[in-house]
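Spelled out from the first residue to the last, the chains are:
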Amino acid sequence: QVQFVEFGGGSVQAGGSLRLSCVASGSFYMVYDMHWYRQGPGKERELVASISRSGDTHYADSVKGRFTISRDNVENTVYLQMDSLEPVDTAVYHCKATASPRFGTVSDYWGQGTQVTVSS
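The paragraphs below set out a description of the structure included in this document. Source: prediction; values computed, not measured. (Residues numbered from 1 in each chain as written. Predicted model: local features only at pLDDT ≥ 70, side-chain atom pairs only at ≥ 80, totals over all residues. Heavy atoms only, no water.)

**Thoughts on the overall build of the chain**
This is how the line gets drawn: Put simply, DSSP H or I for four residues or longer makes a helix, DSSP E for two residues or longer makes a strand, and each gets a number counted from the N terminus. Here the radius of gyration uses the C-alpha set of atoms, whereas the globule reference equals 2.2 Å times the residue count to the power 0.38. The classification of residues rests on relative accessible area computed with a 1.4 Å probe and restricted to protein chains. Under 20% of the type maximum is buried, over 50% is exposed, and intermediate values are partly exposed. We call two residues contacting when some pair of their heavy atoms lies within 4.5 Å. Methods summary: accessible areas were calculated by the Shrake-Rupley approach with a probe of 1.4 Å, and residue burial reflects only the protein chains presented. Counting rule for charge: Lys and Arg are taken as positive, Asp and Glu as negative, and neither His nor the chain ends is counted. Where a charge sits is defined by one atom per residue type, namely NZ (Lys), CZ (Arg), CG (Asp) or CD (Glu).
On a plain count of helices and strands, the chain comes out with 0 helices and 11 strands. Compactness check: the chain gives a C-alpha radius of gyration of 14 Å against a globular reference of 14 Å for 120 residues, within 12% of the reference. If you line up the chain on its principal axes, its C-alpha atoms span 50 × 25 × 25 Å. Relative to its full complement of 120 residues, the chain shows a buried share of 46%. The contacts in the chain between residues at least 6 apart in sequence include a share of 55% that link residues at least 24 apart. About 6,300 Å² of surface is accessible on the chain, with carbon and sulfur atoms providing 47% of the total. With 10 positive and 12 negative side-chain charges, the chain shows a spacing of 3 Å between the two charge centroids.

Next comes the structure, spelled out in structure tokens:
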């Protein structure tokens, strides 16, 4: 079964950094756009950052200048480097990938989520 799995969450003090990874488990014919979402306590899920296969990126205004999304198309992995973390960044972070497990089939795949906690 193909899926994506996140790594790298944890607890950090305000001003600190964390790097999240989302790795494909299983083989894919092609992985297209990849995204990071987050859902904080009592909040709706929000899109944090996106990256196309060619490397075009998009960020939520709340993380611009602090977070960096990148990807490795050979390893089908997406990363989220989070710097200058703030308590408001506390959330469960999920990756989402649009991918083809085989030619002619396209689906969205969600990771299970990883907790990020930022203390003041």
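**Examining the state of the cysteines**
Think of a disulfide as a covalent bridge from one cysteine sulfur atom to another cysteine sulfur atom. This is how it is decided: Criterion for a disulfide: a pair of cysteine sulfur atoms at a distance within 2.5 Å.
Here the structure, examined in full by the defined rule, presents 1 disulfide. Note that Cys22 is cross-linked by a disulfide to Cys95, the S-S spacing being 1.9 Å. Because the sign of the S-S torsion sets the handedness, a value of about 45° for the bond joining Cys22 and Cys95 places this disulfide among the right-handed ones. Linking Cys22 in strand E3 (residues 18-25) with Cys95 in strand E9 (residues 91-100), this pair joins segments that are 73 residues apart in sequence. For the pair Cys22 and Cys95, one class covers both residues: buried.

**Structural notes on the packing of aromatic side chains**
As a reminder, the rule being used: Two rings from Phe, Tyr or Trp (for Trp, the six-membered ring) form a pair when their centres are within 6.5 Å of each other. A pair whose planes differ by under 30 degrees is stacked, one over 60 is edge-to-face, and the rest are tilted.
Inspection of the entire model under this criterion finds 5 aromatic pairs. Considering the side-chain rings of Phe4 and Tyr109, the 6.2 Å spacing of their centres and the 55° angle between planes classify their relative orientation as tilted. You can see Phe4 sitting in strand E1 (residues 3-7) and its partner Tyr109 sitting in strand E10 (residues 107-110), a full 105 residues away along the chain. Ring centres of Phe28 and Tyr109 lie 5.3 Å apart, and the angle between their planes is 85°; this geometry places the pair in the edge-to-face category. Remark: Tyr109 occurs in strand E10 and Phe28 occurs in the loop between E3 and strand E4 (30-39); sequence separation between them is 81 residues.

**Thoughts on the sheet that holds E1**
Spelled out, the test is: The criterion for strand pairing is that DSSP finds at least two bridges linking the strands in question. Lines are fitted to the C-alpha atoms to define the axes, a helix being fitted only along its stretch in contact, and any angle between axes, read from their N-to-C directions, falls within 0 to 180 degrees.
Spatially, 4 strands are ordered E1-E3-E8-E7 in an open sheet, and the strand pairing comes out antiparallel. Looking at strand neighbours, the two that pair on one side only are E1 and strand E7 (67-72), the edges of this open sheet. Strand after strand, the sheet turns through a mean of 15° between neighbouring axes, direction not considered.

**Some remarks on the nonpolar core**
The test is simple: Put simply, buried Ala, Val, Leu, Ile, Met, Phe, Trp, Tyr and Cys residues joined by side-chain atoms within 4.5 Å make one nonpolar core.
Ranked by internal contacts, the top residues of the largest apolar core, which has 31 residues, are Phe4, Trp36, Leu80, Met82 and Tyr93. Of the residues forming this core, the biggest block, 5 residues, is contributed by E9.

**Things to note about the environment of Arg102**
Counting through the fold element by element, Arg102 comes out in the loop between E9 and E10. Distance from Arg102 to Tyr29, taken between C-alpha atoms, is 4.9 Å for residues 73 residues apart in sequence.

**Regarding unusual backbone geometry**
In this structure, Asn76 is a non-glycine residue whose phi angle is positive, near 50°. Note that Asn76 resides in the loop between E7 and strand E8 (77-82). Taking the relative accessible area as the measure of exposure, Asn76 reaches 14% and is therefore buried. A positive phi angle is found at Ser84, which is not glycine, with a value near 50°. Position of Ser84 relative to the elements: it lies in the loop between E8 and E9.

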